[in-house]
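Residue-level structure breakdown
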Amino acid sequence: MSSAKPRSHGSYVESLEFTEDLIRGELESFKDLDEDDIPAFMLVFISDGKPSDKLPEHKQRRESAVLRLALELKSKLTFFGMGIGASGSDFQQLELLVKTAEEWGAEGQFIHAGLNPASLSTSLSSMATSMTTTRNDLLSKKDGRREKTEKQYTMKKKSENHDLVPFRRETNGVSRWLYDPSVDYPWREVSFFNKQTQGFDMEKDPFGKGAERLAYMIYEIRPKTRGWEQVGSAMVAKESRYIEDEESKETFHTDFCRVQSKAKELAKLFNGAVGRAPLLKPTKDEVSVPPPIEFLKCSVYEYKNIDGVRCGLLVEKYLNGKFTKYNGNDGYVNGGLEDVPSIDLEIGEVKLTDFVHAFSHWVYVNTNHELLVCDLQGILDLEGRRPIFRLTDPAICSKAKKDRYGSRDKKRRYGKTDLGMRGIKNFCRKHICNDVCKALNLPSIRNGSR
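Residues numbered from 1 in each chain as written. Predicted model: local features only at pLDDT ≥ 70, side-chain atom pairs only at ≥ 80, totals over all residues. Heavy atoms only, no water.

**Structural notes on the pairing of strand 7 (residues 199–203)**
In terms of burial, strand 7 is largely enclosed, as five of its five residues are buried. Side chains of strand 7 alternate between two faces, with Gly 199, Asp 201 and Glu 203 and Phe 200 and Met 202 buried alike. In this sheet, strand 7 lies alongside strand 4 (residues 167–170) in antiparallel orientation, the contact comprising four bridges. Looking at the pairing, Arg 169 lines up with Asp 201 of strand 7. Across four bridges, strand 7 lies against strand 9 (residues 213–223) in antiparallel orientation. Each bridged residue has a counterpart across the sheet, and for Met 202 the counterpart in strand 9 is Ile 218. (Buried < 20%, exposed > 50% of the residue type's maximum accessible area, 1.4 Å probe, protein only. Helix = DSSP H or I, 4+ residues; strand = E, 2+ residues; numbered from the N terminus. Pairing = 2+ DSSP bridges.)

Written out as structure tokens, the structure is:
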């Protein structure tokens, strides 16, 4: 290990231009990310006095380096200047750099820490507080988010008898609507599942909840001689967990159905690709065939509340079986499932769950690296002649499209669970190719995304 002695005052120019190169190198690795997903940077510049590079050209180069970074990163750059020295030390140039950063859109702060350990400790605490504030500000701005208020609710007890569970009944102006992306107004009215239906009963307490939604049991009802009766099978009604989303229910419903409709379309194409793959054909002794992936068809039940205001609920069939989350939109992969059935195919013995993980990989490759269907959850239905994955509530992460000027559109195409390139990169880092991926000739994506 070598030792070095300081050469009087330090060179600001070399330090700043070296730092600029480092930050630009980091930004290059994030070039595919949406602007909102680019990380924030804090540049901590510590000096014990005026710089040793004193020529006018040095001053210009110093300010230019800070200016370029500030213009590039705006509020995602914090320039923290800390002067360590006795009272009267000359930190004029360091303060000037902080002001330059502020003038061109970055955050800036200068502190004269002195030589006292207590003062230095206070300065470092101030720097940490500044970092936390920047982080919280960026999180609150991202996607226009604001602090949300969760609804008041009590989760339904699993052991509760259905006949004893309290429910609410809606019979005023009840209608059922299906999402249809082929028309300008993407909703068309359809008949109920059961004849003579004129309303619904929905349990007051949710039996399940996710990151964004609450799930309730719901039943169609029809009039009888005296009162009403529930008809047909139990279904699931979904609504947002947050009060603020009540203001934009139509957007909430449209986003959900648009994602599920797109996932259903892509699953149909994937099932076709699996059926055509020679290595995924069953062996002579195998009675089962590869399981298709299906997404539930969702609809909206619209009704008028007690104030005459039109309201709506997302409704889909109830999945009866062991509900499993196979992967997430944050890179999560459920690789620890036990007792997973397998089938013998030409490529060898394949776990049924391999098809679910390969589906996400296949979508990413076959949409030209534009989309990733993830957050896959549901049941493996083994009751019929062939196993079927019945899934619901997926997420689609999308690569932001560029406009004619080369700027990426910040708007999430597939709602709040669309994490953009961040979600795609997380999946690419965690996904391990299986035999289904290989049989479909999917290239490895383990080391990142395009």
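**Some points on the pattern of salt bridges**
Under the criterion given, the structure shown has 23 salt bridges. Arg 310 serves as the salt-bridge partner of Glu 302, at 3.1 Å between the closest nitrogen and oxygen. Judged by its relative accessible area of 24%, Glu 302 falls in the partly exposed class. Residue Arg 413 pairs with Glu 370 through a salt bridge whose shortest N-O separation is 3.8 Å. Here Arg 413, found in the loop between strand 20 (395–398) and helix 7 (420–430), pairs with Glu 370, found in the loop between helix 6 (353–366) and strand 17 (371–374); they are 43 residues apart in sequence, far enough to count as distant. A residue is classified by how much of its surface remains accessible, and Arg 413, at 25% relative accessible area, is partly exposed. (Salt bridge = Lys/Arg side-chain N within 4 Å of Asp/Glu carboxyl O.)

**So, the pairing of strand 12 (residues 299–304)**
For strand 5 (residues 175–179) and strand 12, the ladder comprises four bridges, and the chain directions are antiparallel. Residue pairing across strands places Leu 178 opposite Ser 299, the latter belonging to strand 12. Alignment of strand 12 against strand 13 (residues 310–317), held across six bridges, turns out to be antiparallel. Bridge assignment links Glu 302 to a residue of strand 13, and that residue is Gly 312.

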